[in-house]
Amino acid sequence: MVGRLSNSEIQRLSQQVPAWTVEGNYLKLVKRFKNFIEAIEFVNKLVEPSEVAGHHPDLEISYNKVTISLTTHDAGGLTEKDFALAQQISALG
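Conventions and cut-offs
- Counting from 1, residues in each chain are numbered in the order their sequence is written.
- Two thresholds apply to this predicted model, a pLDDT of at least 70 for residue-level local features and 80 or more for giving and counting side-chain atom pairs, whereas whole-chain, interface and lining totals are computed over all residues.
- Side-chain metrics in this entry use all non-hydrogen atoms of the structure; hydrogen atoms and water are not considered.
- Numbering of helices and strands runs from the N terminus; a helix is a DSSP stretch of H or I covering at least four residues, while a strand is a stretch of E covering at least two.
- Any residue under 20% of the maximum accessible area for its type is buried, any over 50% is exposed, and the rest in between are partly exposed; the area is computed with a 1.4 Å probe on protein chains only.
- Contacts were defined at the residue level, with two residues in contact if any of their heavy atoms lie within 4.5 Å.
- Polar contacts, as used here, are pairs of N or O atoms within 3.5 Å; protein pairs need one atom able to donate a hydrogen and one able to accept it. Residues neighboring in sequence count only if both atoms are side-chain atoms.
- Directions drawn from the helix axis to the C-beta atoms are what define this arc.
- Any two strands between which DSSP finds at least two bridges are classified as paired.
- Only the stretch in contact is used when a helix axis is fitted, and all axes are lines through C-alpha atoms; the angle between N-to-C directions ranges over 0 to 180 degrees.

Undergrad: Would you mind going over the environment of Asn35 in detail, with residue names and values included?
TA: On the secondary structure map, Asn35 appears in the loop between strand E2 (26-32) and helix H2 (36-45). Accessibility expressed as a relative area gives 22% for Asn35, which makes it partly exposed. For Asn35 and Leu13, which are 22 residues apart along the polypeptide, the C-alpha to C-alpha distance reads 32 Å. Setting aside anything within four residues of it in sequence, one finds Asn35 in contact with Tyr63 and Asn64. Separated by 3.1 Å, the side chain of Asn35 and the backbone nitrogen of Ile37 make a polar contact.

Undergrad: Give me helix H1 (residues 7-14): which residues, what numbers.
TA: Here H1 has its buried residues at Ile10, Leu13 and Ser14. Considered in projection along H1, the buried side chains sweep an arc of 105 degrees and stay on one side of the axis. Exposed residues pointing more than 90 degrees away from the buried face of H1 are listed as Ser8 and Gln11.

Undergrad: Can you lay out the sheet that holds strand E3 (residues 58-62) for me, pointing to particular residues and giving the numbers?
TA: Read across the open sheet, the 4 strands follow the order E1-E2-E4-E3; overall the sheet is antiparallel. A strand with exactly one partner marks an edge of an open sheet, and here the two such strands are strand E1 (21-23) and E3. Between one strand axis and the next, the sheet turns by 25 degrees as a mean value, whatever way the strands run. In this sheet, E2 lies alongside E1 in antiparallel orientation, the contact comprising 3 bridges. Note on E2: the bridge partner recorded for Val22 is Leu27.

What follows is the structure, given as structure tokens:
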């Protein structure tokens, strides 16, 4: 099992993914797109890095808005896996 991060570790790692916010035990990002098609195209880009990492985000899709939530359920909160995947997702644009 991966170890849960301390508050100071979360603050430090949050600086590496400035577009993301920490909300309780979740790391969240909201992305808006021109339309539904672009939103779904972005969601499809999440499949490969998530599968490779063996770590899958919770997703909410509302027309042109995609909300991505990351947490490590087994650890009961945020771990390095969440921040690593957040960095990969941020690089997708």
